[in-house]
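Report on the structure
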Amino acid sequence: MKILAVGDLIGNSGVQKLKKELPVIRQNENIDFIIVNGENAGEGMGITEKNFNDILSLNVDVITMGNHTWGKKDIFKFIDHPKLIRPANYPKGVVGKGYNIYTCQNKKIAVINLIGRVDINVLSENPFVLAKDLVQKLKNEVDLIFVDFHAEATAEKIAMGYLLDGKITALFGTHTHVQTADEKILPNGTAYITDIGMTGPKHSVIGMDIEASLKRFETTLPERYKIAGGECMFNAVEFDIDETNNKVKNIKRWYL
């Protein structure tokens with residue numbers, strides 16, 4: 001079984017790049033299950049109903065979110081859709097689901113979305129405590145567990161990887177929009193990568209217009225961010241699962 005996780009979609013241009021690359025990769029690589037982070041699809045902040053439907057039209061299995069989950073009010077129209085999950089460590093009572101269980105190739109797959117707390121301006125519950133509890137709850141219900149950890153700090157992601165090593169199938173980081181070259185199988189068998197990168201404008205500052213970004217850094221004035229134009233790139237990670245033991249036997253990074 002092969003599972004593909006696609007890095008943060010940046011604006012409509014990122015969605016269009018997904019439309020171009022995903023069908024080809026799915027066919028050539030025989031991909032069975034697809035996870036896409038969509039929290040920046042709505043012009044960099046949140047996700048619109050059109051974005052959501054465009055992504056679903058590609059037969060994506062799960063759309064994960066992050067710190068911009070509530071960036072577009074459209075989300076309240078489809079927050080309970082089974083293919084959409086938001087960070088599980090938002091406070092209790094918040095609408096939506098932090099994980100869901102899916103069936104593919106006779107395997108039950110749990111996908112969990114978590115958000116970090118280091119240098120992220122979101123009031124959330126402790127992701128480490130919640131992760132342990134969730135994995136304990138799910139371990140006897142499913143065959144595979146994937147975690148999208150939407151976090152800023154490299155150390156926080158690495159620590160989470162070791163916390164869950166041997167308890168989940170794979171953990172991949174999102175949010176920083178820069179693909180890391182540290183894909184590995186951890187000592188107890190969990191596949192790990194710090195960040196899978198982004199799908200959006202190639203010549204940009206993590207997807208944003210270069211001049212607007214420079215002005216913010218040079219002047220410290222609140223220059224309004226906008227999505228960069230031009231050529232887009234596609235970032236993703238492919239996990240090849242050994243179906244006899246449900247472990248990842250190979251990790252492949254995609255940078256197109």
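Here is a short report on the structure shown in this document.

What counts and what doesn't
Residues numbered from 1 in each chain as written. Predicted model: local features only at pLDDT ≥ 70, side-chain atom pairs only at ≥ 80, totals over all residues. Heavy atoms only, no water. 1 Å grid on protein atoms, 1.4 Å probe; cavity = no way out; pocket = protein on both sides within 12 Å on 5 of 7 lines; lining within 4 Å. Points joined across faces, edges and corners; volume = space filled by probe spheres on them. Nonpolar A, V, L, I, M, F, W, Y, C, P; charged D, E, K, R; others polar. Pairing = 2+ DSSP bridges. Helix = DSSP H or I, 4+ residues; strand = E, 2+ residues; numbered from the N terminus. Contact = heavy atoms within 4.5 Å. Axes fitted to C-alpha atoms, helices over the stretch in contact; angles between N-to-C directions. Buried < 20%, exposed > 50% of the residue type's maximum accessible area, 1.4 Å probe, protein only. Polar contact = N/O pair within 3.5 Å; in protein donor to acceptor, adjacent residues only side chain to side chain. Expected span 1.5 Å × (residues − 1). Bend = angle between axes of the 7 residues up to and from the residue. Phe/Tyr/Trp six-rings, centres within 6.5 Å; stacked < 30°, edge-to-face > 60°. Core = buried A, V, L, I, M, F, W, Y, C linked by side-chain atoms within 4.5 Å. Salt bridge = Lys/Arg side-chain N within 4 Å of Asp/Glu carboxyl O. Patch = residues over 30% accessible without salt bridge, like charges linked within 9 Å, V, L, I, M, F, W, Y side chains within 5 Å. Areas by Shrake-Rupley, 256 points an atom, 1.4 Å probe, with all protein chains shown as cover.

1. Considering the layout of surface pockets
Where empty space is left can be seen by rolling a probe of water-molecule size over the atoms. Estimates place the volume of the largest pocket at around 900 Å³. What lines the largest pocket is a set of 29 residues, and nearest its centre among them are Asn40, Gly44, Met45, His68 and Tyr225. When the residues that make up the lining of the largest pocket are grouped by side-chain class, the tally is eleven nonpolar, ten polar and eight charged.

2. Let's talk about the sheet that holds strand β15 (residues 247–255)
With mixed pairing, the six strands of this open sheet are ordered in space as β5-β4-β3-β1-β14-β15. Lying at the two open borders of the sheet, with one neighbouring strand each, are β5 (84–85) and β15. Packing of helix α1 (residues 11–29) onto the sheet brings it into contact with β1 (2–6), β3 (33–37), β14 (235–242) and β15, and relative to β1 it is tilted by some 165°.

3. Things to note about the side chain of Asn235
Here Asn235 shows up in strand β14. The contacts of Asn235, once residues within four sequence positions are left out, are Val6, Gly7, Gln179, Ile196, Gly197, Met198, Thr199, Trp254 and Tyr255.

4. A look at the side chain of Asn40
Looking at the element boundaries, Asn40 is found in the loop between β3 and α2 (49–56). Among the residues examined, Asn40 registers a relative accessible area of 3% and is labelled buried. Within the structure, Asn40 has its side chain in polar contact with the side chain of His177 (distance 3.0 Å). For Asn40, the residues in contact, after removing those within four places along its chain, are Asp8, Leu9, Ile10, Gly11, Met45, Gly46, His68 and His177.

5. A short note on α1
Helix length check: α1, at 19 residues, gives a terminal C-alpha distance of 26 Å against a target of 27 Å (1.5 Å per residue), a fit within 8%. Of all the bends in α1, the largest measures some 30° and sits at Glu21, one to four residues before the proline Pro23. Among the residues making up α1, those that are buried are Gly11, Gly14, Val15, Lys17, Leu18, Glu21, Leu22, Ile25 and Glu29. With its phi angle positive at about 55°, Asn30 sits one or two positions after the end of α1.

6. Regarding the packing of aromatic side chains
Inspection of the entire model under this criterion finds seven aromatic pairs. Here the aromatic rings of Trp70 and Tyr90 are separated by 5.8 Å at their centres, their planes lie at 35°, and the arrangement is tilted. On the criterion of sequence distance, the pair formed by Trp70 in the loop between β4 (62–64) and β5 and Tyr90 in the loop between β5 and β6 (99–104) is long-range, its members being 20 residues apart. A residue is classified by how much of its surface remains accessible, and Trp70, at 31% relative accessible area, is partly exposed. Chaining the aromatic ring pairs together yields one cluster made of Trp70, Phe76 and Tyr90.

7. Side note on the nonpolar core
Inside soluble globular proteins, nonpolar side chains tend to come together where they are buried. With 26 residues, the main nonpolar core has Leu4, Leu18 and Ile47 as its most contacted residues. Where this core is concerned, the elements lending two or more residues are β1, α1, β3 and α2. Core analysis: the second largest hydrophobic core is formed by 23 residues, Ile35, Cys104, Ala170 and Ile251 among them.

8. Looking at the pairing of strand β12 (residues 198–201)
Bridge analysis of strand β2 (residues 8–9) against β12 gives two bridges, and the strand direction is parallel. Within β12, the position partnered with Leu9 by the bridge is Thr199. Inspection of the sheet shows β12 paired to strand β13 (residues 232–233) by two bridges, in the antiparallel sense. Note on β13: the bridge partner recorded for Gly200 is Met233.

9. Details of the pattern of salt bridges
What the rule picks out here adds up to eleven salt bridges. Lys215 is paired through a salt bridge with Glu223; the nearest N and O atoms lie 3.5 Å apart. For Glu223, a relative accessible area of 27% corresponds to the partly exposed category. What you see here is one network of salt bridges that share partners, running through Lys2, Glu29, Glu238 and Lys252.

10. Points about a nonpolar patch on the surface
Together, Trp70, Phe76 and Val95 give the surface a local cluster of nonpolar side chains, amounting to about 280 Å² of exposed area. Secondary-structure assignment places Phe76 in the loop between β4 and β5.

11. Things to note about the sheet that holds β2
Ordered in space as β2-β12-β13, the three strands form an open sheet in which the pairing is mixed. This sheet does not close on itself; its edge strands, each paired only once, are β2 and β13. In the packing of α1 onto the sheet, contacts are made with β2, β12 and β13, and the angle to β12 comes to roughly 115°.

So yeah, pure geometry; function would need other evidence.
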